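Structural description and commentary
Take a look at the letters that make up each chain.
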Amino acid sequence: MPTTFQEIPRKRPSTPLLDRAVTPAGLRRLGEAELETLADELRLELLYTVGQTGGHFGAGLGVIELTIALHYVFDTPDDRLVWDVGHQAYPHKILTGRREQMGTLRQKDGIAAFPRRAESEYDTFGVGHSSTSISAALGMAIAARLQRSDRKAIAVIGDGALTAGMAFEALNHAPEVDANMLVILNDNDMSISRNVGGLSNYLAKILSSRTYASMREGSKKVLSRLPGAWEIARRTEEYAKGMLVPGTLFEELGWNYIGPIDGHDLPTLIATLRNMRDLKGPQFLHIVTKKGKGFAPAEVDPIGYHAITKLEPLDAPAAAPKKASGPKYSGVFGEWLCDMAAADPRLVGITPAMKEGSDLVAFSERFPLRYFDVAIAEQHAVTFAAGMACEGAKPVVAIYSTFLQRGYDQLVHDVAVQNLDVLFAIDRAGLVGEDGPTHAGSFDLSYLRCIPGMLVMTPSDENELRKMLSTGHLYNGPAAVRYPRGNGPNAVIEKDLEPIEIGKGIVRRQGSKAAFLVFGVQLAEALKVAEKVDATVVDMRFVKPLDEALVREIAGNHELLVTVEENAIMGGAGAAVSEFLARENILKSVLHLGLPDAYVEHAKPAQMLAECGLDEAGIEASVRERMALLGL
Ligand SMILES: Cc1ncc(C[n+]2csc(CCOP(=O)(O)OP(=O)(O)O)c2C)c(N)n1
Ligand SMILES: CC(=O)[C@@H](O)[C@H](O)COP(=O)(O)O
Ligand SMILES: [Mg+2]
């Protein structure tokens with residue numbers, strides 16, 4: 001049985017077995033009898049390293065045994081192992097040659113938050129967005145068949161990730177092509193919050209209907225489903241009886257379902273994986289684990305320990321009293337949602353499995369009948385909102401920019417084409433820092449402003465966010481407000497629910513020669529630079545509709561326009577300004593400042609913004625360079 005630790009070690013633990021197993025080749029030289037001790041060492045090492053760096057926590061603790069068993073039984077990296085989401089893959093990284101790099105996790109030039117192909121041959125598929133593993137592993141399995149290779153393909157997917165439509169698209173397809181592949185469902189009954197929905201309830205029913213409790217001790221009942229292990233079952237009537245349970249959904253789809261088994265029982269995991277490794281056709285292994293396993297506080301609070309910040313050194317000087325920072329942008333949204341819900345009974349709040357991240361916690365408690373967590377199902381979230389809007393509800397879809405990409409067709413086809421009244425509260429817009437490019441909200445201004453009828457707003461601070469949410473809510477049609485991860489400049493927030501005039505920007509500073517047209521939170525930096533170069537600063541507020549009259553006026557009395565946005569320059573807000581000037585045949589020097597046409601590697605947000613020239617120094621340097629070129 002795994003050891004349960006009570007504390008996160010602050011000193012690197014002694015790990016004699018892990019020291020010999022930091023590659024799969026080394027791991028496979030260990031005797032099977034040593035693996036449970038190895039699991040304790042690996043779990044302690046994980047506690048230590050994540051304690052030093054911060055990062056995702058509970059999920060990795062839950063797959064310590066599984067990770068060991070997979071690399072022990074399968075010939076990785078030749079056998080392809082695909083982790084879904086990838087937030088549970090730190091043990092995988094430790095066992096595949098990156099133990100010494102774990103101290104650089106999620107830091108500039110360090111190893112990434114999720115598996116990525118460029119980082120290691122053992123990271124067979126880049127992940128971060130959930131529910132992609134079965135499709136990817138299926139693709140690898142069919143490629144192996146076409147290449148007459150007998151390399152295996154294994155997908156490890158969580159019960160949360162399994163709630164996304166694309167997971168079922170792959171579950172549907174694999175039997176059609178009779179793929180030789182293995183899907184391992186890591187069922188811990190948790191998403192980031194508790195997992196929700198019919199599938200979650202169904203999985204719970206499987207656990208109870210297969211007398212999982214008795215199986216957990218023996219677990220031999222499971223082996224009875226496998227060739228060569230049946231004799232064990234046949235010897236005792238009660239085992240055979242246990243198999244007379246109805247087929248599972250997965251079997252009905254054409255998968256050979258095995259389980260549920262205890263995902264922390266290493267001997268059973270190894271025996272079962274060995275038996276399944278060479279079976280032909282689509283294989284589905286259902287394991288039951290605990291998120292946060294082996295660390296008592298995380299076992300008790302898996303939601304709170306989904307991710308942790310790094311431990312402060314014990315001898316750290318007493319931190320200077322932090323300037324009271326205001327609420328995070330998510331918190332401003334969460335408070336507005338409750339206030340507007342109290343004022344407008346038509347409002348409903350929808351989240352695709354990110355209640356905590358998008359801060360719908362208070363709303364879910366105060367308005368439970370109008371709160372909907374649809375699980376990890378962004379496409380469904382958008383069209384579900386569209387259906388509600390058809391009936392006069394005023395849905396607010398709270399969604400990360402990067403995850404809205406998953407529901408883009410639904411936004412266009414189901415909401416915008418029908419001009420339905422849905423408000424998208426788009427959190428994590430722009431660079432998000434340590435989660436890296438898979439989670440950056442780099443493209444929403446580009447992919448939203450091209451949609452006819454869409455209202456697209458970019459608040460420059462917390463108060464502007466609140467005003468724009470009210471504006472979007474009261475607007476009769478598809479609307480979007482995008483705002484970044486974390487805190488703003490701590491602006492004074494007016495607690496009313498009044499909208500602002502649609503399509504109008506505000507001149508925040510009058511200067512000459514150059515004029516900043518700012519779309520979003522870089523307003524503060526632009527104002528500082530404007531003081532130095534005596535530029536005008538306009539808070540544009542709206543990407544769509546663009547305040548064309550104001551742009552025309554500013555262009556008429558400035559030599560240089562500088563657009564600023566934390567979005568891809570390609571097709572972003574700045575492009576809207578240039579398109580307008582071109583359409584009006586207004587010749588003007590325009591400098592676009594934004595995110596480059598590249599994937600910005602993970603680091604601290606400030607480091608990434610500096611790298612993109614979106615910090616004060618970068619903005620100043622670009623503007624001075626252009627002004628010099630123009631002789632201003
Ligand atoms: C498309 C997408 N939506 C949302 C998320 C945010 N997210 C990260 S982990 C997670 C929960 C995953 O649950 P599960 O697959 O059961 O893994 P567990 O954390 O329980 O190990 C969610 C919703 C994501 N990564 N990708
Ligand atoms: C793995 C995953 O997708 C989430 O855990 C994500 O990392 C959360 O991001 P925030 O920390 O910005 O809420
Ligand atoms: Mg889960």
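Cut-offs and rules
Residues numbered from 1 in each chain as written. Chains lettered and ligands numbered in written order. Predicted model: local features only at pLDDT ≥ 70, side-chain atom pairs only at ≥ 80, totals over all residues. Heavy atoms only, no water. Helix = DSSP H or I, 4+ residues; strand = E, 2+ residues; numbered from the N terminus. Rg over C-alpha atoms; globule rule 2.2 N^0.38 Å. Buried < 20%, exposed > 50% of the residue type's maximum accessible area, 1.4 Å probe, protein only. Contact = heavy atoms within 4.5 Å. Areas by Shrake-Rupley, 256 points an atom, 1.4 Å probe, with all protein chains shown as cover. Lys, Arg positive; Asp, Glu negative; His and termini not counted. Charge placed at Lys NZ, Arg CZ, Asp CG, Glu CD. Donors = N, O, S within 2.8 Å, 3.2 Å for Na, K, Ca; no water. Pairing = 2+ DSSP bridges. Axes fitted to C-alpha atoms, helices over the stretch in contact; angles between N-to-C directions. Near = heavy atom within 4 Å. Polar contact = N/O pair within 3.5 Å; in protein donor to acceptor, adjacent residues only side chain to side chain. Nonpolar A, V, L, I, M, F, W, Y, C, P; charged D, E, K, R; others polar. Salt bridge = Lys/Arg side-chain N within 4 Å of Asp/Glu carboxyl O. Phe/Tyr/Trp six-rings, centres within 6.5 Å; stacked < 30°, edge-to-face > 60°. Core = buried A, V, L, I, M, F, W, Y, C linked by side-chain atoms within 4.5 Å. UniProt positions renumbered as here; feature names shortened; annotations may be inferred.

1. Observations concerning the overall build of the chain
In terms of helices and strands, the chain carries 28 helices and 19 strands. Scaling as 2.2 N^0.38, a compact globule of 632 residues should have a C-alpha radius of gyration of about 26 Å, and the chain matches this with 27 Å. Viewed in the frame of its principal axes, the chain has a C-alpha envelope of about 90 × 55 × 50 Å. Relative to its 632 residues, the chain shows a buried fraction of 59%. Long-range pairs, those at least 24 residues apart, make up 77% of the contacts in the chain between residues at least 6 apart in sequence. With an accessible surface of roughly 25000 Å², the chain has 54% of that area assigned to carbon and sulfur atoms. Taken as two groups, the 66 positive and 80 negative side-chain charges of the chain have centres that lie 2 Å from each other.

2. Regarding the coordination of the magnesium ion (ligand 3)
In ideal tetrahedral geometry, four donors around a metal make angles of 109.5 degrees, whereas ideal octahedral geometry with six donors gives angles of 90 or 180 degrees. Taken together, Asp-159 (OD), Asn-188 (OD1) and Met-190 (O) make up the full set of protein donors to the magnesium ion (ligand 3), lying 2.0 to 2.2 Å away. As a motif over one chain, the donors of the magnesium ion (ligand 3) read D-x28-N-x1-M. Within this pair, whereas Asp-159 is found in the loop between strand 3 (153-158) and helix 8 (165-176), its partner Asn-188 is found in the loop between strand 4 (181-187) and helix 9 (198-209), the two being separated by 29 residues in sequence. Taken individually, Asp-159 and Asn-188 each receive the classification buried, so the pair is uniform in this respect.

3. Thoughts on the sheet that holds strand 4
If you walk across this open sheet you meet the five strands as 2-3-4-6-5, and the pairing is parallel. A single partner strand is all that each edge strand has here, and the edge strands are strand 2 (80-83) and strand 5 (256-262). Direction aside, the axes of adjacent strands within the sheet are offset by 20 degrees on average. Two strands pair when backbone bridges link them, and strand 3 and strand 4 are joined in this way by five bridges, in the parallel orientation. Within strand 4, the residue paired with Gly-158 across the bridge is Asn-186.

4. Quick word on the site of ligand 1
Residues in close proximity to ligand 1 total 22 residues, the closest being His-87, Gly-160, Met-190, Lys-291 and Glu-378. Contact between ligand 1 and His-87: an oxygen atom at 2.7 Å from a side-chain N or O atom of the residue. At a separation of 2.8 Å, a nitrogen atom of ligand 1 approaches a polar backbone atom of Gly-128. Computed on the free molecule, ligand 1 has an accessible area of 580 Å², of which 97% lies beneath the protein chains in the complex. The residue inventory of the shell around ligand 1, partitioned by class, reads nine nonpolar, nine polar and four charged.

5. Notes on the pattern of salt bridges
Using the criterion set out here, one finds 36 salt bridges in the structure. Across the pair Asp-75 and Arg-28 runs a salt bridge, and its minimum N-O distance is 3.5 Å. Of this pair, Asp-75 sits in the loop between helix 5 (64-73) and strand 2 while Arg-28 sits in helix 2 (residues 24-28); the two residues are 47 residues apart in sequence, bridging distant segments of the chain. Look at Asp-75 and you get partly exposed, because its relative accessible area is 43%. The class of Arg-28 is partly exposed, set by a relative accessible area of 28%.

6. Let's talk about the environment of Pro-352
Assignment of secondary structure puts Pro-352 in the loop between strand 8 (347-351) and helix 18 (361-366). Classification of Pro-352 as buried rests on a relative accessible area of 3%. Sequence separation between Pro-352 and His-380 is 28 residues; the distance between their C-alpha atoms is 8.5 Å. In contact with Pro-352, other than residues within four places in its own chain, are Asp-373, Val-374, Ala-375, Ile-376, Ala-377, Glu-378, Ala-381, Ala-398 and Ile-399.

7. Structural notes on the sheet that holds strand 18 (residues 560-568)
Read across the sheet, five strands follow the order 14-16-15-18-19 without closing on themselves; strand pairing throughout is mixed. Bordering the open sheet on either side are strand 14 (506-509) and strand 19 (589-595), each of which pairs with just one other strand. Averaged over all pairs of adjacent strands, the angle between their axes in this sheet comes to 25 degrees, without regard to strand direction. Sheet strands in contact with helix 28 (residues 616-630) are strand 15 (514-519), strand 18 and strand 19, and its direction is about 160 degrees off that of strand 19.

8. Description of the packing of aromatic side chains
The tally for this structure, following the rule as stated, stands at 15 aromatic pairs. Taking the centre distance of 6.3 Å and the plane angle of 80 degrees together, the rings of Trp-255 and Phe-284 count as edge-to-face. Note that Trp-255 is positioned in the loop between helix 14 (249-253) and strand 5 and Phe-284 in strand 6 (residues 282-288), a separation of 29 residues in sequence. Take Phe-284: its relative accessible area is 0%, and that puts it in the buried class. Among the aromatic side chains, those forming a connected cluster through ring pairs are Tyr-202, Phe-250, Trp-255, Tyr-257 and Phe-284.

9. Looking at the nonpolar core
Within the largest apolar cluster, 50 residues are counted, with the highest numbers of intra-cluster contacts made by Ile-68, Leu-70 and Ile-184. Sequence-distant contacts of Ile-184, defined by excluding residues within four places in its chain, comprise Leu-66, Leu-70, Ile-154, Ala-155, Val-156, Ile-157, Leu-273, Leu-285 and Ile-287. Within the second largest apolar cluster, 48 residues are counted, among which are Val-382, Met-388, Val-538 and Ile-554.

10. Focus on the site of ligand 2
In the vicinity of ligand 2 lie 13 residues, with Tyr-400, Arg-428, Asp-435, His-439 and Arg-485 positioned nearest. In the environment of ligand 2, an oxygen atom lies 2.8 Å from a nitrogen or oxygen atom belonging to the side chain of Arg-428. Here an oxygen atom of ligand 2 and a side-chain polar atom of Asp-435 are 2.5 Å apart. Surface burial for ligand 2 is 86%, taken as the share of its 360 Å² of free accessible area covered by protein chains. Of the residues belonging to the shell around ligand 2, the class tally is five nonpolar, five polar and three charged.

11. Details of the UniProt feature "binding site: thiamine diphosphate" (unreviewed entry) in the chain
Those residues carrying the UniProt feature "binding site: thiamine diphosphate" (unreviewed entry) are His-87, Gly-128, His-129, Ser-130, Gly-160, Ala-161, Asn-188, Phe-295 and Glu-378 in this numbering. A maximum C-alpha distance of 31.7 Å among these annotated residues, which run over 292 residues, shows that they spread across the structure rather than meeting at one spot. Within the secondary structure, Gly-160 sits in the loop between strand 3 and helix 8. Setting aside chain neighbours within four positions, we find Gly-160 in contact with Met-190, Ser-191, Asn-195 and Ile-376. Mapping Glu-378 onto the fold places it in helix 19 (residues 378-390). Residues within four places of Glu-378 in sequence aside, it is in contact with Pro-352, Ile-399, Phe-403, Arg-406 and Gly-407.

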